[in-house]
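Residues per chain are reported as follows:
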Amino acid sequence: MNSEQMKMMKAQREQASASAPPALKCKICNRLYCEPVSMLCMHTFCMNCVGKLQQTIEFTSVECPLCMQSTDIEPDYLPKNLDIKKKVDDYLAGTASYR
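Attention in this report is confined to the structure presented alongside it. Quantities reported herein were computed from a predicted structural model and do not represent experimental measurements. (Residues numbered from 1 in each chain as written. Predicted model: local features only at pLDDT ≥ 70, side-chain atom pairs only at ≥ 80, totals over all residues. Heavy atoms only, no water.)

### Description of the environment of L24
Relative to the helices and strands, L24 resides in the loop between α1 (3–19) and β1 (36–38). Assessed through its relative accessible area of 8%, L24 is described here as buried. Considered as a pair, L24 and K87 are 63 residues apart in the sequence and their alpha carbons are 7.4 Å apart. Contact partners of L24, with chain neighbours within four places excluded, come to R31, L32, Y33, K87, V88 and Y91. (Helix = DSSP H or I, 4+ residues; strand = E, 2+ residues; numbered from the N terminus. Buried < 20%, exposed > 50% of the residue type's maximum accessible area, 1.4 Å probe, protein only. Contact = heavy atoms within 4.5 Å.)

Listed below in structure tokens is the structure:
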């Protein structure tokens, strides 16, 4: 995929995020989940959002912004939330701008 296609996909994803149901949006960036991962407390966020939290606080553990429970796992090793990913993919497949 070239950079122009990537830009187009990103713009379409941003547009779809505006009307997406709250259950499909990350509570940190308020956009559709992108590479959703689950923390130990079972809250789900985008992997990039968790990575940014970790960089911001400069620790190897990450505190959940919703319940404050600490997760001592690197964001790259957090379990992917495949259920949420499938729901987002299904939502995007049904969005007119993605057809």
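### Overview of the side chain of S38
Looking at where S38 falls in the secondary structure, it is placed in strand β1. Looking at S38, the relative accessible area reads 7%, which means it is buried. Discounting residues that sit within four places of it in the chain, S38 has contacts with H43, T44, L78, P79 and N81.

### Some details on the side chain of T44
Tracing the backbone through its elements, the reader meets T44 in strand β2 (residues 44–46). With relative accessibility at 9%, the residue T44 sits in the buried group. Within polar-contact distance, the side chain of T44 engages the side chain of N81 at 2.8 Å. Excluding residues within four positions of it along the chain, T44 makes contact with Y33, P36, V37, S38, N81 and I84. (Polar contact = N/O pair within 3.5 Å; in protein donor to acceptor, adjacent residues only side chain to side chain.)

### Examining the packing of α1 against helix α3 (residues 82–94)
Axis separation between α1 and α3 bottoms out at 11 Å; the angle between their running directions is 100°. Comparing their axes, α3 and α1 come out roughly perpendicular. Contacts between α1 and α3 involve R13, A16 and S19 from the former and V88, Y91 and L92 from the latter. (Axes fitted to C-alpha atoms, helices over the stretch in contact; angles between N-to-C directions. Parallel < 35°, antiparallel > 145°, perpendicular 65-115°, else oblique.)

### A closer look at the pattern of salt bridges
Summed over the entire model, instances satisfying the criterion amount to three salt bridges. The closest approach of N and O atoms between K87 and D83, which form a salt bridge, is 3.4 Å. In this pair, K87 and D83 both sit in helix α3, four residues apart, roughly one turn of the helix. (Salt bridge = Lys/Arg side-chain N within 4 Å of Asp/Glu carboxyl O.)

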